[in-house]
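Chain by chain, the residues run as shown.
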Amino acid sequence: MANPPPAAPQYRSLDPALIIATAERLEQRIADRFPDSGLRRVGAELVSLSRDLAAAARSLEAPIWWVRAVVAAAFAGGAAMFLFVGTVLPLDRLGNEGGVAESVQGIEASLNTILLAGLGFLALIRAEERIKRKKVFTQLHGLRSLIHVVDMHQLTKDPAALSETFRPTANSPARITDAADLARYLDYCSEMLSISGKLAALFAQSVNDEVVIEAVNDIEELGSNLSRKIWQKITMIEGQGRA
């Protein structure tokens, strides 16, 4: 049996251009079926947001050079300082009275200084990571809000409205009474949630950070949970059609 061909490198990472193109096609499909709906406007917002998020994720792949320059300058300055104060333990005092005690105090002070300097350098080294992490959280906040907007649009799309016994009240929202249109509307919502998860995954691809990956997983889990609710409705519509 012949071995399958090796996977092409292009399938080992998400292509932001393809995600944007998928969002654009989805917005056009919604416009074809529901041109005057609020969902179409949400689709247009998803296209705009996908472009912004793709650009933001791409920018995070590059190093923050000014932060690295500050770290290098701080490291060089610290090394120069320790070389300059390298005579903190004068050897000519070791034989004098009290010289040993002063030397022990000097060693202790030097160790404390080295420890504090090391912690400071470690904080500087992780500064780039924290800056990128904060930028990712800012972008994911907007994406999370859009996911909840999509959920609000599918909230009132109840398959029970397709029943002959359904009687709306004076305050009932506008309903889609055609089963095929309702199923398609809900399917569009599910596709939006899926695209949102892929947009979040761009940041996990650009920033290899455990905290970022966890935040991305939370976004994807949120979209998946809402999508399962939508597909339960679609399954109910299909069951009513078979009945």
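Definitions and limits used
- Residues numbered from 1 in each chain as written.
- Predicted model: local features only at pLDDT ≥ 70, side-chain atom pairs only at ≥ 80, totals over all residues.
- Heavy atoms only, no water.
- Helix = DSSP H or I, 4+ residues; strand = E, 2+ residues; numbered from the N terminus.
- Buried < 20%, exposed > 50% of the residue type's maximum accessible area, 1.4 Å probe, protein only.
- Contact = heavy atoms within 4.5 Å.
- Lys, Arg positive; Asp, Glu negative; His and termini not counted.
- Salt bridge = Lys/Arg side-chain N within 4 Å of Asp/Glu carboxyl O.
- Axes fitted to C-alpha atoms, helices over the stretch in contact; angles between N-to-C directions.
- Parallel < 35°, antiparallel > 145°, perpendicular 65-115°, else oblique.
- Left-handed = near helix turned anticlockwise from the far one by under 90°.
- Polar contact = N/O pair within 3.5 Å; in protein donor to acceptor, adjacent residues only side chain to side chain.

Visitor: Which residues make up the overall build of the protein chain, and what values do they have?
Guide: Looking only at helices and strands, the protein chain features 7 helices and 0 strands. Counting from the amino terminus, the protein chain carries its helices and strands in the arrangement α-α-α-α-α-α-α. Taking all 243 residues of the protein chain together, 32% fall into the buried category. Here the analysis covers contacts within the protein chain between residues at least 6 apart in sequence; of these, 78% occur between residues at least 24 apart.

Visitor: Residue-level account of the side chain of K157, with values.
Guide: Tracing the chain through its elements places K157 in the loop between α5 (127-155) and α6 (179-206). Comment: no salt bridge for buried K157; closest opposite-charge side chain is D158, at 11 Å. Apart from the residues within four sequence positions on either side, K157 is in contact with I176, L182, Y185, L186 and K233.

Visitor: So, the pattern of salt bridges: which residues are in play, and what are the values?
Guide: All chains considered together, the criterion is met by 8 salt bridges. Between R33 and D181 there is a salt bridge whose closest N-O contact spans 3.9 Å. With a gap of 148 residues between them, R33 in helix α1 (residues 16-33) and D181 in helix α6 connect regions that are remote in the sequence. Judged by relative accessible area, D181 falls into the partly exposed class, the value being 28%. When salt bridges that share partners are traced, they join E129, R133 and D209 into one network.

Visitor: Could you give an account of the packing of helix α2 (residues 38-60) against α5, with specific residues and numbers?
Guide: At a minimum axis separation of 11 Å, α2 and α5 run at an interaxial angle of 165°. Between α2 and α5, the crossing angle belongs to the class labelled roughly antiparallel. Of the two possible hands of crossing, α2 and α5 adopt the one that is left-handed. Contact residues: α2 offers G38, L39, V42, E45, L46, L49, L53, A56 and L60, while α5 offers K132, K135, V136, Q139, G142, L143, L146, V149, V150 and H153.

Visitor: Please set out the environment of D209 residue by residue, giving values where relevant.
Guide: Relative to the elements of secondary structure, D209 occurs in the loop between α6 and α7 (210-242). Judged by its relative accessible area of 6%, D209 is buried. Taking the C-alpha atoms as reference points, D209 and R130, 79 residues apart in sequence, are found 9.7 Å from one another. Here D209 is in contact with E129 and R133, once residues within four sequence places are set aside. One polar contact links the side chain of D209 to the main-chain amide nitrogen of V212, over a distance of 3.1 Å.

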